Amino acid sequence: MNTRLTRALAAGAAVMLLATACAGSNGGSTGGDAGTDEPTTGGTHAVNEDARALLPASVRDSGTLKVATSLTWAPFDYKDENGEATGIEIGLMEAVGEVLGVKIEVTDIDWQSLVPSVANGRFDVSMNQLEDTEDRRKQAQFVHYYKDSIAVLTKAGVDIDPENLCGHQIAVTQGSSQQGTVERISQECVDAGKEAIKVEVFAESAATILAVQNNRAESMLMGKASGVYLQQTDASDLQVSEGYVPGTEALTGLVVEKSNDELAAALQAALQTLLEDGWYQEYLGTYGVESGALEEITIGKG
């Protein structure tokens, strides 16, 4: 399995790693040979033939599941010091591929293209701690595997109450669910006669983080898992709030084209297999995010 959190800690400054990952785009793959309808074997997890039977025939025949991500979002999807794809979702998809008996082919693309690239059929699955939202369900469906809540990331020593964001400056990544959250809260501030939030928009998540570190923005919102990761790495000049922004608990999932029910069912079955044998919970625990584990794998569809 690819390097986990401990290896990333030894790699050096996490924010610089994220910024470097923004430049360029390359692909990688895991698993065995493609181009056959015979299941790939030899991994840690045995093939679940019932789950495999749920796959679309095109995927079984090719032996490959094409997965898109943006390798700029530690600890979910990023590059290690050797430029290899790693992170929570990378390892999770490797395990899913083993259960389904297919090779996982990961390609690094622009973040804003992740959901559209599944909707238009370029990729089978996309992932990047993508929150299941009503807007995204217009193009896709979600196979849930994780729950998280939003915290506030600031420079060390800057304390912002996540329950009182009015008047603060907050950086957001364009098109992210956090952007919608900030805009909603800002409007609530105005409606209550308080000062609106000062919103700064950046194109990529790495640039958003760097804006906080470089004092171009006072803060940003992010899932607690990502905030804890940054705080624990060499980006020690950042801190994540203890509390959460109210009303922000959300489900994260693997993104599948809206009408591709066969693939969604196969992914759900594979993840449920990993949950029931205990690997899923233990795996999330290696990243310190076991609190986000689900009791059952579900599908979200509009």
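Model, not experiment: these values are computed from the prediction.

1. Observations concerning the side chain of Ser117
Then step 1. Within the element layout of this structure, Ser117 appears in helix 6 (residues 114-119).
Then step 2. In contact with Ser117, not counting residues within four places along its chain, are Ala68, Ile109, Arg122 and Phe123.

2. Looking at the state of the cysteines
Then step 1. On inspection of all chains with the given rule, the structure shows 1 disulfide.
Then step 2. Between the sulfur atoms of Cys166 and its disulfide partner Cys189 the distance amounts to 2.0 Å. As the torsion about the S-S bond is roughly -90 degrees, the Cys166-Cys189 disulfide counts as left-handed. Here Cys189 lies in helix 7 (residues 177-191) and Cys166 lies in the loop between strand 8 (150-155) and strand 9 (169-173), a separation of 23 residues in the sequence.
Then step 3. The class of Cys166 is partly exposed, set by a relative accessible area of 21%.

3. What about the side chain of Ser219?
Then step 1. Inspection of the secondary structure assignment puts Ser219 in strand 11 (residues 219-223).
Then step 2. Take Ser219: its relative accessible area is 1%, and that puts it in the buried class.
Then step 3. Separated by 3.0 Å, the side chain of Ser219 and the backbone oxygen of Gln169 make a polar contact.
Then step 4. Once you skip the residues sitting within four places of it in the chain, Ser219 turns out to touch Val152, Leu153, Thr154, Ile160, Gln169, Ile170, Ala171 and Val212.

4. Quick look at the nonpolar core
Then step 1. The biggest cluster of nonpolar side chains holds 61 residues, and the ones touching the most others in it are Leu65, Leu100, Leu254, Leu267, Leu271 and Tyr280.
Then step 2. In this view, Leu65 contacts Val59, Met93, Val102, Lys103, Ile104, Glu105, Asp124, Val125, Leu263 and Leu267; residues no more than four positions away in its chain are not counted.
Then step 3. Formed by 12 residues, the second largest nonpolar core is a distinct cluster that contains Ile170, Val172, Ile197 and Leu221.

5. Description of the pairing of strand 2 (residues 64-69)
Then step 1. A large share of strand 2 lies buried, amounting to 5 of its 6 residues.
Then step 2. For strand 2 and strand 5 (residues 103-108), the ladder comprises 6 bridges, and the chain directions are parallel. Bridged to Ala68 within strand 5 is Thr107.
Then step 3. Sheet analysis places strand 2 next to strand 6 (residues 125-126), joined by 2 bridges and oriented parallel.

6. Description of the pattern of salt bridges
Two side chains of opposite charge can pair, provided their charged atoms sit close to one another.
Then step 1. Counted according to the given criterion, the structure contains 6 salt bridges.
Then step 2. Note that Arg137 is salt-bridged to Asp132, the shortest N-O span being 2.7 Å.
Then step 3. The shortest N-O distance in the salt bridge between Lys138 and Asp135 comes to 3.5 Å. Accessibility assignment for this pair places Lys138 and Asp135 in one class, exposed.

7. Examining the sheet that holds strand 12 (residues 238-240)
Then step 1. Spatial strand order, 10-9-11-8-12: 5 strands in an open sheet with mixed pairing. Looking at which strands have only one partner, the edges of the open sheet turn out to be strand 10 (198-202) and strand 12. Each strand of the sheet is rotated relative to its neighbour by a mean of 35 degrees, with strand direction disregarded.
Then step 2. The pairing of strand 9 with strand 11 spans 2 bridges and is classified as parallel.

8. Considering a negative patch on the surface
Then step 1. Taken together, the side chains of Glu276, Asp277, Glu295 and Glu296 define an acidic patch exposed on the protein surface.
Then step 2. Positionally, Glu296 belongs in the loop between helix 11 (279-286) and strand 14 (299-300).
Then step 3. Its relative accessible area of 52% is what places Glu296 among the exposed residues.

What counts as what
- Along each chain, the written sequence defines residue order, and numbers are assigned to residues from 1.
- Residues qualify for local features only when their pLDDT is at least 70, as the model is predicted, and side-chain atom pairs are given and counted only at 80 or more; totals for whole chains, interfaces and linings, by contrast, use all residues.
- To get the side-chain values, take all heavy atoms of the structure and skip hydrogens and water.
- Note on conventions: DSSP H or I runs of at least 4 residues are helices, E runs of at least 2 residues are strands, and numbering of each starts at the N terminus.
- Contact criterion: two residues are considered in contact whenever any of their non-hydrogen atoms come within 4.5 Å of each other.
- Only a pair of cysteine sulfur atoms within 2.5 Å qualifies as a disulfide here.
- Exposure is judged per residue with a 1.4 Å probe applied to protein chains only, and the accessible area is read against the type maximum: over 50% gives exposed, under 20% gives buried, and values in between give partly exposed.
- Counted as a polar contact is a pair of N or O atoms within 3.5 Å, where, for protein atoms, one must be capable of donating a hydrogen and the other of accepting one, and residues adjacent in sequence contribute only when both atoms are in side chains.
- To define a nonpolar core, start from buried Ala, Val, Leu, Ile, Met, Phe, Trp, Tyr and Cys residues and group those joined through side-chain atoms within 4.5 Å.
- One bridge is not enough; two strands pair if DSSP finds at least two bridges between them.
- Salt bridge, as used here: a side-chain nitrogen of Lys or Arg that lies within 4 Å of a carboxyl oxygen of Asp or Glu.
- Axes here refer to lines fitted to C-alpha atoms; in helices the fit is confined to the stretch in contact. Angles between the N-to-C directions go from 0 to 180 degrees.
- Surface patches are defined over residues having more than 30% relative accessible area and no salt bridge, joining like charges when they lie within 9 Å and nonpolar side chains (Val, Leu, Ile, Met, Phe, Trp, Tyr) when within 5 Å.
- Values of accessible area rely on a 1.4 Å probe in the Shrake-Rupley scheme; residue burial ignores everything except the protein chains shown.
- Counting rule for charge: Lys and Arg are taken as positive, Asp and Glu as negative, and neither His nor the chain ends is counted.
- Lys charges are placed at NZ, Arg charges at CZ, Asp charges at CG and Glu charges at CD.

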